[in-house]
Amino acid sequence: MTAFTKYCDSNRDTFETKLFDLLKIPSVSTDPQHRSDVRRAAEWVLGQLQALALKTELIEGDGHPIVYAESPPVEGAPIALVYGHYDVQPADPLHEWISPPFAPTVRDGNVYARGATDDKGQMLTHIFSTRAVLEVQGRLPIQLKFIVEGEEEIGSHSLSHFLATESERLACDCIIISDGSQFAPGQPAITYGLRGISSFEIRLFGPKQDLHSGSFGGAVTNPANTLAALLASLVDPNGHIRVPGFYDDVEPLSDREREQFQSLPFSERRFQEAIGVDGFSGESGYSTLERRWARPSFDIHGLWGGYQGTGKKTILPASAGAKFSFRLVPHQDPAKITTALEEYLRGHLPPGIRMELDTSQGASGFIASLDSPYMTAAVEAISQGFGHPPVFIREGGSIPIVTQFAKQLEADVLLVGWGRNDDNAHSPNEKFSLADFHRGIRASTALWKELAKINKITS
Ligand code: BES
Ligand code: ZN
C-alpha cells in the first residue's frame, strides 16, 4: 500500500463530510433566487483551495464567480489545469426525491443530492487528491491550476470571457475534467468526444386573451396547436432533423469508429431497464450508442400553454411556449444552426401568430486526440485508481467551455469521468457512489504522479 493510499483511506470520512457540506448549498445557477447560494458555494470551494496554501483568487464579474488557484511551477514538469463546476441544475420535480435534494443522504453506498455526481463530487476528487499529495509529500510533482466555475449549467459565459481576455494565466499542457461517466460500473472510461448544443425558448402569441373554443375554434389560429405542429415538424419519421442545412457540416461516422462502438460491452436490454422503458426510437440506420454519442438530436425540455388544472376547460389559449434544444456533433456551428432554425420557424408561422424566440450562444461539440503522452498518463492513472484500464468512449452531453479551452490553450483535454450512467444527473434522486468518489481521488493522485513522468524539456 502506498503512502497516498494509506492517507486517502484514513481520510475517507473527512472527504465525505466535506463533500456533504458542499452538497448542502443549493447553488442553482439558472435561478436568480439562488444567487447568494451560488456565491456561498464558490467561497466554500475557494476555502478548500486556500487550505492547501495555493495562490487563490475569486474572479468576479456580472455573472457567478470563478474560483481560481495555482500551485508553484515545477521546472521541467508539465502544467495541468483542472476544470470543474460548483453550480447545479434545478432540483424539480421536488416531490420525486426520496430525500431532499440539498440534504445529502447516504443509501446503499451512494450519496443522494443534487450535484452529487454533476459535478461537485467529481470536481472535489481533484482537490482532495492534491491535498493527499501535499500532506504526504509536502509538494506537488507538477504545477496544478484549478478553475472551478458557477455557470457551466447555463453556458459558461463568464468563463468564456475570462478565457478570451486572460488566457495566458491559464497556460497549461493538459486540462483535466471529471464531469462525466464511466462506461459501466467498474468499467472506467476516457471520453474523447462530446456533443455541442443550441438551445431555445419559443413563445407563440395568438388572440389578445383566451377564447371559447366553440365560438372561435377552427377560425382563429390556436398558438398551442401551432406550437405542437411546428415542433413536430422539426423531425421527420426517420428521426432526421428537417431544418434546411442542418446536416451540412455533419461528418459521417467512420467504419472504424462504428466498429469500436460496437465492440463495447453495451446491453440494450440492461440500458432499457435502467431507465424504465421498453424500447428505443431515433434516427434510422444508427445504433443506440451512435445516436447518443455521435449523431445530432432534438429534444423538448418543457412545454406550456392553455389550461393545466383539474377537469376540462374548452378554451383556445392566447399563448403557448416551449424550451427545446438540438444536440450537435463536432464541426456543426451552433450559431449557424440557430440562424437556420429561426428562419425555418419564421417561414412556417401561420397567420394570426406572433413568435418570440430566445436563442443562446450554444456550444460546439468536441473530439480529442487519443494519441498523446497525457492520454497515456491518464490511462495508467485510471488503471491504478479503479483497478481496471479505461475504455475510450464518446458522450452525448455538452461541456460548453471545452472546445474553447482546447483551441485557446492549445492543450490536450482529458475527460476522465468517475460517475455512472444511472447517477440521475439533472433528474430527481441524483447520486454519486462513494466508492467511485474514493476511487476517483486515488486515480487523481496517481494522475499527478504519472503526469510528472512526462519531461517537458526533452518531450
Ligand atoms: N456533466 C454534464 C455534461 C455531460 C453530460 C458529460 C453527460 C457527459 C455525459 C454537464 O454538467 C452538463 O450537463 N452540461 C449541460 C450544458 C448545457 C446546459 C449548455 C448539458 O449538457 O446539458
Ligand atoms: Zn450538468
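Refer to the structure printed above.
Residues numbered from 1 in each chain as written. Chains lettered and ligands numbered in written order. Predicted model: local features only at pLDDT ≥ 70, side-chain atom pairs only at ≥ 80, totals over all residues. Heavy atoms only, no water.

**Observations concerning the overall build of the chain**
Inference 1: For the chain, the helix and strand inventory stands at 14 helices and 18 strands.
Inference 2: Counting only C-alpha atoms, the chain reaches 80 × 45 × 45 Å along its principal axes.
Inference 3: Evaluated residue by residue, the chain yields a buried proportion of 53% over its 459 residues.
Inference 4: Counted over contacts in the chain with a minimum sequence separation of 6, partners at least 24 positions apart contribute 79%.
Inference 5: For the chain, the accessible surface area stands at approximately 20300 Å², while carbon and sulfur atoms represent 50% of it. (Helix = DSSP H or I, 4+ residues; strand = E, 2+ residues; numbered from the N terminus. Buried < 20%, exposed > 50% of the residue type's maximum accessible area, 1.4 Å probe, protein only. Contact = heavy atoms within 4.5 Å. Areas by Shrake-Rupley, 256 points an atom, 1.4 Å probe, with all protein chains shown as cover.)

**Concerning the coordination of the zinc ion (ligand 2)**
Inference 1: Bound to the zinc ion (ligand 2) on the protein side are D118 (OD), E153 (OE), E153 (OE) and H426 (NE2), at distances that span 2.0 to 2.7 Å.
Inference 2: For the zinc ion (ligand 2), all donor residues lie on one chain, and their spacing in sequence is D-x34-E-x272-H. Of this pair, E153 sits in the loop between β6 (143-149) and α5 (157-166) while H426 sits in the loop between β17 (412-415) and β18 (431-433); the two residues are 273 residues apart in sequence, bridging distant segments of the chain.
Inference 3: Judged by relative accessible area, E153 falls into the buried class, the value being 16%. (Donors = N, O, S within 2.8 Å, 3.2 Å for Na, K, Ca; no water.)

**Here we look at the pattern of salt bridges**
Inference 1: The final tally for this structure, using the stated rule, is 24 salt bridges.
Inference 2: E201 is paired through a salt bridge with K323; the nearest N and O atoms lie 2.6 Å apart. Here K323 lies in strand β13 (residues 319-328) and E201 lies in strand β9 (residues 196-205), a separation of 122 residues in the sequence.
Inference 3: Each member of the salt-bridge network shares a partner with another, and the members are E201, R203, K323, R354, E356 and D358. (Salt bridge = Lys/Arg side-chain N within 4 Å of Asp/Glu carboxyl O.)

**Quick notes on the packing of helix α2 (residues 12-23) against helix α3 (residues 35-50)**
Inference 1: The contact between α2 and α3 brings their axes to 10 Å, and the two run at 155°. In this view, α2 runs roughly antiparallel relative to α3, as classed from their interaxial angle. Residues K18, D21 and L22 of α2 touch α3, and the partners they reach there are A41, W44, V45 and Q48. (Axes fitted to C-alpha atoms, helices over the stretch in contact; angles between N-to-C directions. Parallel < 35°, antiparallel > 145°, perpendicular 65-115°, else oblique.)

**A look at the side chain of N110**
Inference 1: Tracing the sequence through the fold places N110 in strand β5 (residues 110-112).
Inference 2: With sequence-adjacent residues up to four places away left out, N110 is seen in contact with T105, K431, F432, S433 and L434.

**As for the site of ligand 1**
Inference 1: Around ligand 1 sit 14 residues in total, of which D118, E152, D179, R327 and S398 are the nearest.
Inference 2: At 2.8 Å, a side-chain N or O of D118 approaches an oxygen atom of ligand 1.
Inference 3: Considering only residue class, the shell around ligand 1 consists of three nonpolar, five polar and six charged. (Near = heavy atom within 4 Å. Polar contact = N/O pair within 3.5 Å; in protein donor to acceptor, adjacent residues only side chain to side chain. Nonpolar A, V, L, I, M, F, W, Y, C, P; charged D, E, K, R; others polar.)

**Topic: the sheet that holds strand β4 (residues 105-107)**
Inference 1: Spatial strand order, β4-β5-β18: three strands in an open sheet with antiparallel pairing. With partners counted over all chains shown, the strands left at the sheet margins are β4 and β18, one partner each. Strand-to-strand twist of the sheet, defined as the mean angle between neighbouring strand axes without regard to direction, takes the value 30°.
Inference 2: Note: β4 against β5, three bridges, orientation antiparallel. Of the residues in β5, the one forming a bridge with R107 is N110.
Inference 3: Across the sheet, helix α14 (residues 434-452) lies against β4, β5 and β18, angled at about 60° from β18, the strand it touches most. (Pairing = 2+ DSSP bridges.)

**Overview of the nonpolar core**
Inference 1: Among the nonpolar cores identified, the biggest contains 97 residues, and V45, I147, I175, I176, F405 and L451 are the most heavily contacted of them.
Inference 2: No other element matches the eight residues that α14 contributes to this core.
Inference 3: In contact with I147, not counting residues within four places along its chain, are I66, V67, Y68, L81, V82, Y83, G84, L159, F162, L170 and F405.
Inference 4: Core analysis: the next-biggest nonpolar cluster, separate from the first, contains 27 residues, V250, A322, F324 and Y344 among them. (Core = buried A, V, L, I, M, F, W, Y, C linked by side-chain atoms within 4.5 Å.)

**Details of the environment of K145**
Inference 1: Assignment of secondary structure puts K145 in strand β6.
Inference 2: Once the C-alpha coordinates of K145 and A69 are considered, the two residues, 76 residues apart in sequence, prove to be 5.7 Å apart.
Inference 3: Residues contacting K145, with those up to four places away along its chain left out, are Y68, A69, E70, I79, A80, L81, V82, R169, L170 and A171.

**Quick notes on the sheet that holds strand β14 (residues 354-359)**
Inference 1: The four strands are arranged β11-β13-β9-β14 in an open sheet whose pairing can be described as antiparallel. Since the sheet does not close on itself, it has two edges, and those belong to β11 (297-305) and β14, each with one partner. Shown here is a sheet whose adjacent strand axes are inclined to one another by a mean of 20°, direction ignored.
Inference 2: Bridge count for β9 against β14 is six bridges, and the pairing is antiparallel. From the neighbouring strand, I202 faces β14, where its bridge partner is L357.
Inference 3: Contacts between helix α7 (residues 223-232) and the sheet are confined to β9, β11 and β13, with β13 contributing the most and set at about 15° to the helix.

Scope: geometric values only; no functional claims are made or implied.
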